[in-house]
Amino acid sequence: MRPEHPVVMITGASSGFGEAAARLLAADGYALALGARRVERVRALAEELSAKHGVRVFAGAVDTRDTASVDRFVAASVEALGSLNVVLANAGLARGVDPIASVLEEDWQAMLHTNVEGVIRTLKATLPHVRKSGWGHFLTIGSTAGHWVYEGGGAYCASKHALKALTRTLRLELCGEPIRVTEIDPGMAVTEFSMVRLQDEGKADAVYRGVEPLRAEDVAECVRWAIALPDHVNIDEIIVKCRDQASHNGTKVHRRA
Ligand code: NDP
Ligand code: 8X3
């Protein structure tokens, strides 16, 4: 049965979708466990949200590329908050836009370590606690890059296709238990994503030039909605794009002059 104040863990809560989801969910009364490598950011967010909404918020450092780090963060979250109901496996990134012929080893490894292995670790470490809680929901953040591919996106698209396989597998494995499984697949959204990917402000800005892209809050709203629906309703996958982006791989994007 759904608790009065479900406990939600968010990985990658220091910016973008994760931070925006924390803000919306805190306003709705959820208790939160917020993790990221930039722990000072999640600590500041936790203080702000607990003061503003009177909700319990735990913040801790986590690097999802490291099993011991994930295990520590999950254990500390459960100890602080008493249980764990919902997991938003959001931490992820893209690095570079090089074709496969010249993709840098450190870039493709960063994407696969974070977007695939990091999500497996997060799901595996949290699953016993979510099961024990008796009411749960796993949400993963995929991408339109999990539905289509584009030149220069080989490793990123591969990672998001893999994430889709993981999420769909988890749904099969949890069928019959009181746990829902949802994947949210955004298109172009303005967060720190493009800066992390391109390491250049001008190039990052150019991604969204003339476009009204999704904002982090738009994706967070999808998260909030999927969780808030009645228990028998499972949103399997949401593809959410801005109106200006008609194709999954960005080939048809309306740009104003
Ligand atoms: P941001 O760069 O704003 O946020 C990414 C978050 O992931 C940060 O909080 C970052 O925290 C965290 N993170 C990255 N690596 C790790 C790690 N090893 N361990 C823990 N946390 C990590 O980008 P978005 O909010 O846009 O990205 C969130 C997710 O959405 C990603 O999975 C991304 O692939 C996906 N996505 C983004 C789209 C977009 O256009 N923006 C579209 C579709 C999907 P820190 O650096 O502090 O660790
Ligand atoms: C991010 C969207 O189009 O850069 O997942 O791959 S895209």
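Residues numbered from 1 in each chain as written. Chains lettered and ligands numbered in written order. Predicted model: local features only at pLDDT ≥ 70, side-chain atom pairs only at ≥ 80, totals over all residues. Heavy atoms only, no water.

Looking at an unreviewed UniProt entry, the protein chain carries the name Oxidoreductase, with the source organism given as Mesoterricola sediminis. The record held by UniProt for the protein chain lists under Sequence similarities (unreviewed entry) the comment "Belongs to the short-chain dehydrogenases/reductases (SDR) family." (UniProt positions renumbered as here; feature names shortened; annotations may be inferred.)

Draft legend 1. Highlighting the overall build of the protein chain. Along its length, the protein chain carries 8 helices and 9 strands. For 257 residues, the compact-globule formula gives about 18 Å, and the C-alpha radius of gyration of the protein chain, at 18 Å, lands near that figure. The C-alpha extent of the protein chain, read off along each of the three principal axes, is 50 × 35 × 35 Å. Within the protein chain, buried positions represent 51% of all 257 residues. When contacts within the protein chain are restricted to residue pairs at least 6 apart in sequence, those whose partners lie at least 24 apart make up 70%. With the model as given, the accessible surface of the protein chain reaches about 12100 Å², and the carbon-plus-sulfur share is 55%. Within the protein chain, one finds 30 positive and 32 negative side-chain charges whose respective centroids are separated by 2 Å. (Helix = DSSP H or I, 4+ residues; strand = E, 2+ residues; numbered from the N terminus. Rg over C-alpha atoms; globule rule 2.2 N^0.38 Å. Buried < 20%, exposed > 50% of the residue type's maximum accessible area, 1.4 Å probe, protein only. Contact = heavy atoms within 4.5 Å. Areas by Shrake-Rupley, 256 points an atom, 1.4 Å probe, with all protein chains shown as cover. Lys, Arg positive; Asp, Glu negative; His and termini not counted. Charge placed at Lys NZ, Arg CZ, Asp CG, Glu CD.)

Draft legend 2. Spotlight on the site of ligand 1. The immediate surroundings of ligand 1 are formed by 29 residues, with Ser14, Arg37, Arg38, Tyr156 and Thr191 found nearest. With respect to ligand 1, the backbone of asparagine 90 contributes an N or O atom lying 3.0 Å from an oxygen atom. For ligand 1, an oxygen atom lies 3.2 Å from a polar atom in the backbone of glutamate 192. For the shell around ligand 1, the secondary structure elements donating two or more residues are helix H1 (16-27) and helix H5 (154-174). Its residues placed into classes, the shell around ligand 1 shows 11 nonpolar, 12 polar and 6 charged. (Near = heavy atom within 4 Å. Polar contact = N/O pair within 3.5 Å; in protein donor to acceptor, adjacent residues only side chain to side chain. Nonpolar A, V, L, I, M, F, W, Y, C, P; charged D, E, K, R; others polar.)

Draft legend 3. Representation of helix H4 (residues 105-133) within the structure. Taking 1.5 Å of rise per residue, the 29 residues of H4 would be expected to cover 42 Å, and the 40 Å separating its terminal C-alpha atoms lies within 8% of that figure. When the local axis directions of H4 are compared, the greatest deviation, roughly 40°, occurs at leucine 127, which is followed within four positions by the proline proline 128. Where H4 terminates, the next one or two residues include glycine 134, which has phi positive at roughly 85°. (Expected span 1.5 Å × (residues − 1). Bend = angle between axes of the 7 residues up to and from the residue.)

Draft legend 4. Seen up close, the site of ligand 2. Taken together, Ser143, Ala145, Tyr150, Tyr156, Phe193 and Arg197 make up the full set of residues adjacent to ligand 2. Taking tyrosine 156, its side chain carries an N or O atom lying 2.6 Å from an oxygen atom of ligand 2. Between ligand 2 and arginine 197, the relevant distance is 3.5 Å, taken from an oxygen atom to a side-chain nitrogen or oxygen of the residue. For ligand 2, whose accessible area on its own is 240 Å², the fraction buried by protein is 82%.

Draft legend 5. Just the sheet that holds strand S5 (residues 136-141), in detail. Read across the open sheet, the 7 strands follow the order S3-S2-S1-S4-S5-S6-S9; overall the sheet is parallel. Every other strand in the sheet has two partners, leaving strand S3 (57-61) and strand S9 (237-240) as the edge strands with one partner each. Between one strand and the next, the sheet's axes are offset by a mean angle of 15°, whatever the strand orientation. With 5 bridges connecting them, strand S1 (residues 7-11) and strand S2 (residues 31-36) associate as parallel partners. (Pairing = 2+ DSSP bridges. Axes fitted to C-alpha atoms, helices over the stretch in contact; angles between N-to-C directions.)

Draft legend 6. Representation of the nonpolar core in the model. Ranked by size, the top nonpolar core spans 46 residues in total, and within it Ile10, Leu25, Leu32, Leu34, Leu139, Ile184 and Ile227 carry the most contacts. Excluding anything up to four places from it in sequence, leucine 34 contacts Ile10, Ala13, Ala22, Val42, Leu45, Ala46, Val57, Phe58, Ala59, Gly60 and Phe73. Counting residues in each nonpolar core, the second largest holds 25 residues, with Val62, Leu123, Leu170 and Val181 among its members. (Core = buried A, V, L, I, M, F, W, Y, C linked by side-chain atoms within 4.5 Å.)

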